[in-house]
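Structural description and commentary
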Amino acid sequence: QVQLVESGGGLVQAGGSLRLSCAASGSIFSINVMGWYRQTPGKQRELVATITGGGASNYADSAKGRFTISREYAKNTVYLEMNSLKPEDTALYYCKAVVSLSYGSPSFQYWGQGTLVTVSS
């Protein structure tokens, strides 16, 4: 099995910064895409940013110019640097990884339990 553990959430004032981390562990052969999603009560989970095994990144419009996603491949870890935070960024942030458990096997997606980010005005 694969476990994803997020950290780095917290309370910050508008305009501040936070850095989220997500470490994947378990029976991992390779990780293709890793990404961050967020969800607020009553709304669907939405994409924030993703990064492929080759380092290509993709951002939601709301994250462009303020957030930066990066990976530390040797540690199976993905980061989300969030700057210029706004109250509307308040959400539960989830990490996702698309993982192959062995050579040639299909990939499966795994989710972390989420880390809460609260931005006060």
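In what follows, the structure referred to is the one given above.
Conventions adopted
- Residues numbered from 1 in each chain as written.
- Predicted model: local features only at pLDDT ≥ 70, side-chain atom pairs only at ≥ 80, totals over all residues.
- Heavy atoms only, no water.
- Pairing = 2+ DSSP bridges.
- Helix = DSSP H or I, 4+ residues; strand = E, 2+ residues; numbered from the N terminus.
- Axes fitted to C-alpha atoms, helices over the stretch in contact; angles between N-to-C directions.
- Buried < 20%, exposed > 50% of the residue type's maximum accessible area, 1.4 Å probe, protein only.
- Core = buried A, V, L, I, M, F, W, Y, C linked by side-chain atoms within 4.5 Å.
- Contact = heavy atoms within 4.5 Å.

Further remarks concern the sheet that holds strand S7 (residues 67-72). Judged by pairing direction, the sheet is antiparallel, and its four strands sit side by side in the order S1-S3-S8-S7 without closing on themselves. Strands with a single pairing partner mark the edges of an open sheet, and in this sheet they are strand S1 (2-7) and S7. For this sheet, the mean angle separating the axes of adjacent strands, direction not counted, is 15°. Examined bridge by bridge, strand S3 (residues 18-26) and strand S8 (residues 77-82) share six bridges and lie antiparallel to one another. Looking at the pairing, Cys22 lines up with Val78 of S8.

To continue, consider unusual backbone geometry. Within the chain, Asn76 stands out as a residue other than glycine whose phi angle is a positive 50°. The topology assignment puts Asn76 in the loop between S7 and S8. Note on Asn76: relative accessible area 25%, which makes it partly exposed. In this model, Ser84 sits at a positive phi of 50°, which is unusual for a non-glycine residue. Structurally, the position occupied by Ser84 is in the loop between S8 and strand S9 (91-100). Residue classification places Ser84 among the partly exposed residues on the basis of a relative accessible area of 42%.

Trp36, Leu80, Met82 and Tyr93 are the most contacted members of the largest nonpolar core, which has 29 residues in total. Broken down by element, this core gets its largest block of residues, five residues, from S9. If near-sequence neighbours (up to four positions away) are discounted, Tyr93 is found in contact with Glu6, Leu20, Trp36, Tyr37, Arg38, Val48, Phe67, Leu80, Met82, Gly114, Thr115 and Val117.

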